[in-house]
Amino acid sequence: MSLLERIGRGHLTDRDFAHLWAVGGGHPHLDGCADCRARFEAFDQWVLGIGEEMRTEADAAFPMDRLAAQQAQIARRLEAIAQPARVLAFPKAARAVISGHSHVRRWVTVAAAAGLIAGVGLGQMLDTYRSLDRSARANAPGAHFTAGVSSARANTGIRPASLPTEDDFISDADAFSRPRVGSALLPLEDMTPHAGDLVDRSR
Amino acid sequence: MAGTSATLTAAREADAAAARTVKAFQADGQHADARERFAELVARHQRRASRIAYHYLRDAADADEAVQDAFVKAYSHLSTFREELPFDVWFTRILINGCLDRIKARTRRERWLVPMGRATGQSEHAPVERDLTDRVATSGPSPEESLLARERRQQIADALARLPERQRAVFVLSHVEGCTSREVSALTGLNESTVRVHLFRAIRKLRTLLAADRGAAAPAELKGKRRVTS
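Everything quoted here is computed from the prediction, not taken from an experiment. (Residues numbered from 1 in each chain as written. Chains lettered and ligands numbered in written order. Predicted model: local features only at pLDDT ≥ 70, side-chain atom pairs only at ≥ 80, totals over all residues.)

J.: Any details on the overall build of chain A? Residues and values, ideally.
T.: A tally of regular secondary structure across chain A gives 10 helices and zero strands. Mapped from its N terminus to its C terminus, chain A presents α and β elements in the order α-α-α-α-α-α-α-α-α-α. A fraction of 38% describes how many contacts in chain A between residues 6 or more apart in sequence connect residues 24 or more apart. (Helix = DSSP H or I, 4+ residues; strand = E, 2+ residues; numbered from the N terminus. Contact = placed C-beta atoms within 7 Å.)

J.: Report on the nonpolar core, specifying residues and quantitative values.
T.: Residues and elements named next belong to chain B. Ala53, Tyr54, Ala66, Val67, Ala70, Leu95 and Val170 are the most contacted members of the largest nonpolar core, which has 60 residues in total. Looking at which element gives the most residues to this core, the answer is helix H2 (residues 31–57), with 10 residues. Each of two domains, domain 1 (1–112) and domain 2 (140–230), supplies a minimum of three residues to this core. Leave out the neighbours within four places in its chain, and Leu95 touches Ala49, Ile52, Ala53, Ala66, Val67 and Ala70. (Core = buried A, V, L, I, M, F, W, Y, C linked by C-beta atoms within 7 Å. Buried ≥ 20, exposed ≤ 12 C-beta atoms within 10 Å, placed from the backbone. Domains from an automatic or database assignment.)

J.: Can you explain the packing of H2 of chain B against helix H3 (residues 60–76) of chain B? Please cite residues and give values.
T.: Residue and element names in this part refer to chain B. Where H2 contacts H3, the axes come no closer than 8 Å and their chain directions differ by 140°. As judged from the angle between their axes, H2 and H3 are oblique. The way H2 lies across H3 gives a crossing that is right-handed. Residues Phe38, Val42, Gln46, Ala49, Ser50, Ala53, Tyr54 and Leu57 of H2 touch H3, and the partners they reach there are Ala60, Asp62, Ala63, Ala66, Val67, Ala70, Phe71 and Tyr75. (Axes fitted to C-alpha atoms, helices over the stretch in contact; angles between N-to-C directions. Parallel < 35°, antiparallel > 145°, perpendicular 65-115°, else oblique. Left-handed = near helix turned anticlockwise from the far one by under 90°.)

J.: Let's hear about the interface of chain A and chain B: which residues, and what values?
T.: By convention, interface size is frequently given as the accessible area that disappears when the constituent parts associate. The interface of chain A with chain B comprises 33 residues on the first partner and 40 residues on the second. The set of elements that each furnish at least two residues to the side of chain A that touches chain B consists of helix H2 (14–23), helix H4 (34–61) and helix H5 (64–82) of chain A. The dominant element in the side of chain A that touches chain B, judged by the number of residues it contributes, is H5 of chain A, at 11 residues. Of the residues belonging to the side of chain A that touches chain B, the class tally is 19 nonpolar, seven polar and seven charged. (Nonpolar A, V, L, I, M, F, W, Y, C, P; charged D, E, K, R; others polar.)

J.: Describe helix H4 (residues 87–112) of chain B, listing the residues and the values that go with them.
T.: All names here are of chain B. With 26 residues, H4 extends 38 Å from end C-alpha to end C-alpha; this agrees with the ideal 38 Å at 1.5 Å per step. Where H4 is concerned, the buried positions are Phe87, Asp88, Trp90, Phe91, Thr92, Leu95, Ile96, Gly98 and Cys99. Residues of H4 that are buried in the fold lie against helix H1 (6–28), H2, H3 and helix H8 (181–188). (Expected span 1.5 Å × (residues − 1).)

J.: Residues and numbers for unusual backbone geometry, please.
T.: All names here are of chain B. Look at Arg58: it is not a glycine, yet its phi comes out positive at around 60°. By the element assignment, Arg58 lies in the loop between H2 and H3. The partly exposed category is assigned to Arg58, around which 18 C-beta atoms lie within 10 Å.

J.: Before we move on, can you summarise H8 of chain B with the specific residues and values?
T.: Residues and elements named next belong to chain B. The buried fraction of H8 is high, at six of eight residues. The set of residues buried in H8 consists of Ser181, Glu183, Val184, Ser185, Ala186 and Leu187. Looking at the residues trailing H8, positive phi occurs at Gly189, about 80°.

J.: Provide a residue-level description of the packing of H2 of chain B against H4 of chain B, including the pertinent values.
T.: Residues and elements named next belong to chain B. Running from N to C, H2 and H4 point in directions that differ by 35°, and their axes come no closer than 10 Å. Where H2 crosses over H4, the two elements pack in a sense that is right-handed. Contacts from Leu41, His45, Ala49, Ile52, Ala53, Tyr56 and Leu57 in H2 reach Phe87, Asp88, Phe91, Thr92, Leu95, Cys99, Arg102 and Ile103 in H4. Among the residues forming the contact of H2 with H4, the class breakdown is 11 nonpolar, two polar and two charged.

J.: Provide a residue-level description of the environment of Ile74 of chain A, including the pertinent values.
T.: Its place among the elements puts Ile74 of chain A in helix H5. C-beta crowding within 10 Å serves as the criterion here: with 23 such atoms nearby, Ile74 of chain A is assigned to the buried category. Discounting chain neighbours no more than four positions away, the residues touching Ile74 of chain A are Val42, Gln68, Phe71 and Val72 of chain B.

J.: Which residues make up the confidence of the model for chain B, and what values do they have?
T.: Residues and elements named next belong to chain B. When the pLDDT values of chain B are averaged, the result is 78; 77% of them are 70 or greater. At the low end of the mean pLDDT range in chain B sits helix H10 (residues 219–229), at 39; at the high end sits H3, at 94. Within the model, the stretch residues 119–135 combines pLDDT values under 50 with 17 contacts to residues more than four positions away or in other chains. Here residues 216–230 is modelled with pLDDT under 50, and outside its nearest four sequence neighbours on either side it reaches 17 contacts, counting other chains as well. Scoring of the predicted complex yields 0.57 for pTM and 0.72 for ipTM. (pLDDT = per-residue confidence, 0-100.)

And the structure:
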């Protein structure tokens, strides 16, 4: 049946069917025309078929296991909402070496202790070396010349008031550095050698 | 349509009760109980939400993320849920807004990127295997039947993709999810009579597009549609 024939007879077109489908209700022509009723039923099936195809397609994309995984993921995300945010260390490279593995930490500790001990030992050695050097210089031949000059100065009675003698200096230093100790420690104090003793002994 | 059926009414009452309980638990700080109760709502609406998101986004992974986001957002903003609207309508609105945001973001992204299909010389509307599930063999229909069904679905999907956004939304909600015009109106924010007009136009256009795809449309019908659309 052609379109002209249908219109001529007052039959319904696809446009009318679509309108009936969208708006609902009925059409008086459908009650009296079996042909249009059949066509409308076919149209109805076609539209329902599209909906069915679309549902099938979506359900194929979301099988049960996927829905279960989605549900679990939603539960995890809801749980994460209640928990406070985690603070991440940033930047990662700026973390202290000490906070690394335990063996690294141990090695760093040992190296630091060895460095400290070496530093203290070297300091002590340098101090001893300096004092020995000073005493060696005092025993050197030039030192006698200096002593001679000073004794000559003593004989002539010329002595600058601003320059104290070496002996005065050492005895002053000794007296200054002598710790103030109680009477109970005096025997120990006497046993301990002093810089002044060394000078006297060298003479 | 099943919008007024007793089953639907009962399901909506159950939704409203569950939503009330979740809100009460949230207010009392009992979050574990609130989550447990909300899981019931998730289980009840998950499939429907996945279908809607899939038809909007045409990508299973995207749809999956959109559904998750919508449920998380619904849980976070449940305190704003008022019971004048059914829970499923309120939730679907959140979901649709999320899908539309994703479509916008995707459009922006695709403006700067060349799609793989075009880069490799494939047709824009060629059937694309979107998901692993497309490859899974089923024990039911024969390979030929599966192929035909797949082609048919692809034709429908292509025709739907050619519909304007609102027409597509109205058609999907009406015919895939069985919503009434009033519900679609509440979901989309469109006037109820506008919904009917969109639905009418969507059906008419789909009829034309699918008939043209099949190549078996009656010339008289095609002429009729041309006359109507002009």
